[in-house]
Amino acid sequence: MKRITELRLAGNNISGSLPGWVGEIMALKLIDLSDNQVEEIEDGVGDCDNLHSLLLRNNRLTFVPSSVLRSKSLAKMRLEGNKITKAALMKTEGFNEFDKKRTALLNKAVSGGIGDLDTSICGLD
């Protein structure tokens, strides 16, 4: 499992938790569990140093653990269609660290000439 860089399981009727052991897959850069029924992200997910994108649209999440927000490389999350609000996410410890990485990624894209960027906070209104 050390060579897995992407975990794409969108629309597979997955429920319960995104297990912490996923954080042990050190090469993992992207997790896409959109359009499932995930209710929780376990703390260990934040241990994955190379995780850059966490796509969890349309699930049943009510919060994101601070350990995930503080993850070394995480700069992109999509959370729209969950029970979590933008205000609650922004109050979570570790959000400021995540937001700095997210903003740096957006600035890099803008300076590279990419148009039509989504500048929302993780897709939340």
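Above this text sits the structure in question.
Because the structure is predicted, anything quoted here is derived from the model rather than measured. (Residues numbered from 1 in each chain as written. Predicted model: local features only at pLDDT ≥ 70, side-chain atom pairs only at ≥ 80, totals over all residues. Heavy atoms only, no water.)

1. Regarding the nonpolar core
Worth spelling out the cut-off: To qualify as a nonpolar core, a set must consist of buried Ala, Val, Leu, Ile, Met, Phe, Trp, Tyr and Cys residues joined through side-chain atoms within 4.5 Å. When a residue's accessible area, from a 1.4 Å probe over protein chains only, is under 20% of the maximum for its type it is buried; when over 50% it is exposed; and in between it is partly exposed. Working definition: helices are DSSP H or I runs of at least four residues, strands are E runs of at least two. Numbering for both runs from the N terminus. Every residue pair with non-hydrogen atoms within 4.5 Å of one another is taken to be in contact.
The biggest cluster of nonpolar side chains holds 27 residues, and the ones touching the most others in it are Met77, Leu79 and Leu89. Looking at this core, the elements that each hand over two or more residues are strand 4 (37–41), helix 1 (66–69) and helix 3 (95–111). With residues near it in sequence (within four places) discarded, Leu79 still touches Leu56, Leu61, Val64, Ile84, Leu89, Cys122 and Leu124.

2. A word on the sheet that holds strand 1 (residues 6–8)
In plain terms, the rule: Pairing between strands is defined by DSSP: at least two bridges between them are needed. Each axis is a line fitted through C-alpha atoms, and for a helix only the stretch in contact is used; angles between axes span 0 to 180 degrees, taken between their N-to-C directions.
Spatially, 4 strands are ordered 1-3-5-6 in an open sheet, and the strand pairing comes out parallel. A strand with exactly one partner marks an edge of an open sheet, and here the two such strands are strand 1 and strand 6 (76–78). Here the strands of the sheet are splayed against their neighbours by 5° on average, with no regard to which way each runs.

3. Digging into the environment of Glu24
Mapped onto the secondary structure, Glu24 falls in the loop between strand 2 (15–18) and strand 3 (30–32). The class for Glu24 is exposed, based on a relative accessible area of 64%. Along the primary structure Glu24 and Gly44 are separated by 20 residues, whereas in three dimensions their C-alpha atoms are 7.9 Å apart.

4. Quick look at unusual backbone geometry
Note: most residues except glycine have negative phi, and most peptide bonds are trans. Here the phi dihedral of Asn13 falls at roughly 60°; this positive angle occurs in a residue that is not glycine. Summarising the element assignment, Asn13 is placed in the loop between strand 1 and strand 2. Classification of Asn13 by relative accessible area gives exposed; the value is 56%. The backbone of Asn58 shows a phi angle near 55°, a positive value even though the residue is not glycine.

5. Some details on the pattern of salt bridges
Selection criterion: Think of a salt bridge as a Lys or Arg side-chain nitrogen and an Asp or Glu carboxyl oxygen that are within 4 Å of each other.
Using the criterion set out here, one finds 7 salt bridges in the structure. One salt bridge connects Arg70 with Glu97, and the closest N-O pair in it is separated by 3.7 Å. Taken together, the residues span a long stretch of sequence, with Arg70 in the loop between helix 1 and strand 6 and Glu97 in helix 3 at a distance of 27 residues. When the shortest N-O distance is used, the salt bridge between Arg102 and Asp99 registers 2.9 Å. Residue Arg102 and its partner Asp99 are located together in helix 3, separated by 3 residues, close to a single helical turn. Among the charged side chains, a salt-bridge network with shared partners connects Arg57, Arg78 and Glu80.

As far as function goes, none of this settles anything; it's purely spatial.
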